[in-house]
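Analysis of the macromolecular model
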Amino acid sequence: DDQRPDLRDASLSDLLAHLKSMGLSDLVRSIQDRVVASIPTALATQRFRPLRWKLGSVLGKGAFGECRMALCEDTGALFAVKSVPLVGSAMSINATVHSLQRELEVLRGV
């Protein structure tokens, strides 16, 4: 019987604690360090909206979708792309969109 915690409404610190308990904190820290190091200082202070980019390997999968590494073809910056299929009833799609909006708010504060 798989007893996975429901992390859909978890805070960023809860998610990081869960990853740490799984022994993945070193992997997460390594990925974060590589992504941050690849972003030029100018991009870190402005909105980063790559126009031409290539999708890379899968960084992780969750209940809602997957996160993949991506490369900006114009600057060489690495970034993450999260893809979430919007399927199901209108209420289900609305709930998914709401969860993604909350996640964006959390990430903007990091």
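In this report, we go over the structure that sits alongside the text.

Some details on the overall build of the protein
On a plain count of helices and strands, the protein comes out with four helices and three strands. Residues counted as buried form 12% of the 110 residues belonging to the protein. Residue pairs at least 24 apart in sequence account for 29% of intrachain contacts in the protein once pairs closer than 6 positions are excluded. Here the protein has roughly 8,500 Å² of accessible surface; of this, 56% comes from carbon and sulfur atoms.

Some details on the environment of Glu-66
The topology assignment puts Glu-66 in strand 2 (residues 66-72). Its relative accessible area of 19% is what places Glu-66 among the buried residues. Setting aside chain neighbours within four positions, we find Glu-66 in contact with Val-58, Gly-60, Lys-61, Val-81, Lys-82 and Ser-83. In terms of polar contacts, Glu-66 uses its side chain to reach the side chain of Arg-68, at 3.4 Å.

Comments concerning the pattern of salt bridges
For the structure shown, the criterion picks out five salt bridges. Note that Asp-74 and Arg-52 form a salt bridge whose closest N and O atoms lie 3.0 Å from each other. Of this pair, Asp-74 sits in the loop between strand 2 and strand 3 (78-83) while Arg-52 sits in the loop between helix 3 (41-44) and strand 1 (53-61), placing them 22 residues apart in sequence. Look at Arg-52 and you get partly exposed, because its relative accessible area is 46%.

As for the sheet that holds strand 3
The pairing of strands in a sheet happens through backbone hydrogen bonds and is either parallel or antiparallel. One open sheet holds the three strands; their spatial order is 1-2-3, and the pairing between them is antiparallel. Strand pairing shows two members of the sheet lacking a second neighbour, strand 1 and strand 3, which therefore form its edges. Between one strand axis and the next, the sheet turns by 35 degrees as a mean value, whatever way the strands run. Taken together, the six bridges between strand 1 and strand 2 define a ladder with antiparallel strand orientation. Its bridge partner lying in strand 2, Val-58 is registered against Arg-68.

Some thoughts on the nonpolar core
A general trend in soluble globular proteins is that nonpolar side chains are found buried together. Within the largest apolar cluster, five residues are counted, these being Ala-70, Cys-72, Ala-77, Phe-79 and Val-81. Counting residues per element, the ones that place at least two in this core are strand 2 and strand 3.

Section: the pairing of strand 3
Pairing of strand 2 with strand 3 involves six bridges; the strand directions are antiparallel. Across the sheet, residue Met-69 finds its bridge partner in strand 3, namely Ala-80. Counting the residues between successive antiparallel strands, the hairpin from strand 2 to strand 3 contains five residues, one of them, Gly-76, with a positive phi of roughly 80 degrees.

What to know about the packing of aromatic side chains
Scanning all chains against the criterion turns up one aromatic pair. With a centroid separation of 5.9 Å and an interplanar angle of 70 degrees, the aromatic rings of Trp-53 and Phe-79 are classed as edge-to-face. On the criterion of sequence distance, the pair formed by Trp-53 in strand 1 and Phe-79 in strand 3 is long-range, its members being 26 residues apart. Here Trp-53 falls in the partly exposed class, since its relative accessible area comes to 37%.

Each value, and the rule that gives it
Residues numbered from 1 in each chain as written. Predicted model: local features only at pLDDT ≥ 70, side-chain atom pairs only at ≥ 80, totals over all residues. Heavy atoms only, no water. Helix = DSSP H or I, 4+ residues; strand = E, 2+ residues; numbered from the N terminus. Buried < 20%, exposed > 50% of the residue type's maximum accessible area, 1.4 Å probe, protein only. Contact = heavy atoms within 4.5 Å. Areas by Shrake-Rupley, 256 points an atom, 1.4 Å probe, with all protein chains shown as cover. Polar contact = N/O pair within 3.5 Å; in protein donor to acceptor, adjacent residues only side chain to side chain. Salt bridge = Lys/Arg side-chain N within 4 Å of Asp/Glu carboxyl O. Pairing = 2+ DSSP bridges. Axes fitted to C-alpha atoms, helices over the stretch in contact; angles between N-to-C directions. Core = buried A, V, L, I, M, F, W, Y, C linked by side-chain atoms within 4.5 Å. Phe/Tyr/Trp six-rings, centres within 6.5 Å; stacked < 30°, edge-to-face > 60°.

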